[in-house]
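Each chain is listed here by its residues.
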Amino acid sequence: MADLVNFKRFKKRAEREAAAQLADVNRARFGRTKSQRALDDHRVSRANELLDQHKIGGEDAS
């Protein structure tokens with residue numbers, strides 16, 4: 001005899017697993033602290049400042 005499958009439970013379990021997977025993706029994408037975001041912003045602005053210092057005559061040297 002085959003095992004009985006409750007489709008309602010199967011559907012709910014599949015939806016829960018999909019929601020958990022989406023939560024993992026969102027944690028990786030948005031789960032950074034304010035200090036981490038500030039540090040990244042500081043690094044980007046510092047890199048841009050260093051790049052701007054190497055311009056010749058206010059125009060791009062290339």
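Just above, that's the structure.
Worth saying up front: this structure is predicted, and the values here are computed from it rather than measured. In every chain, residue numbers begin from 1 and rise along the written sequence. At least 70 in pLDDT is required for a residue's local features to be given in this predicted model, at least 80 for side-chain atom pairs to be given and counted, and no such filter applies to totals for whole chains, interfaces and linings, which use all residues. As a rule here, side-chain values come from all non-hydrogen atoms in the structure, and water together with hydrogens is ignored.

1. What about the overall build of the protein?
Under the DSSP-based scheme used, a helix requires at least four consecutive residues in state H or I and a strand at least two consecutive residues in state E, with every element numbered from the N terminus. When helices and strands are counted, the protein shows 2 helices and 0 strands. The globule rule is 2.2 Å times the number of residues to the power 0.38, and the radius of gyration it is compared with is taken over C-alpha atoms. In terms of overall size, the protein is more extended than a compact globule, its C-alpha atoms giving a radius of gyration of 25 Å where 62 residues would be expected to give roughly 11 Å. The principal-axis extents of the C-alpha atoms in the protein amount to approximately 85 × 30 × 15 Å. Residue exposure (1.4 Å probe, protein chains only): buried if accessible area is under 20% of the type maximum, exposed if over 50%, otherwise partly exposed. Buried positions account for 0% of the 62 residues belonging to the protein. Positive and negative side-chain charges in the protein, numbering 14 and 10 respectively, have mean positions lying 13 Å apart. Note on charges: Lys and Arg go in the positive column, Asp and Glu in the negative column, and His and the chain ends are not counted at all. For the purpose of locating charges, the reference atoms are NZ of Lys, CZ of Arg, CG of Asp and CD of Glu.

2. Some words on the environment of L22
With respect to the helices, strands and loops of the structure, L22 is situated in helix α1 (residues 7-30). In this structure, the C-alpha to C-alpha distance between L22 and N48, residues 26 residues apart in sequence, is 34 Å.

3. Here's the deal with a positive patch on the surface
A cluster of basic side chains, namely K8, K12, R13 and R16, defines a positive patch on the protein surface. Secondary-structure assignment places R16 in helix α1. Given a relative accessible area of 57%, R16 falls into the exposed group. Like-charged residues within 9 Å of one another, or nonpolar side chains (Val, Leu, Ile, Met, Phe, Trp, Tyr) within 5 Å, are grouped into patches, provided each residue has over 30% relative accessible area and no salt bridge. Note on areas: these come from Shrake-Rupley sampling with a 1.4 Å probe, and a residue is covered only by the protein chains present in the view. For this document, the term salt bridge refers to a Lys or Arg side-chain nitrogen within 4 Å of an Asp or Glu carboxyl oxygen.

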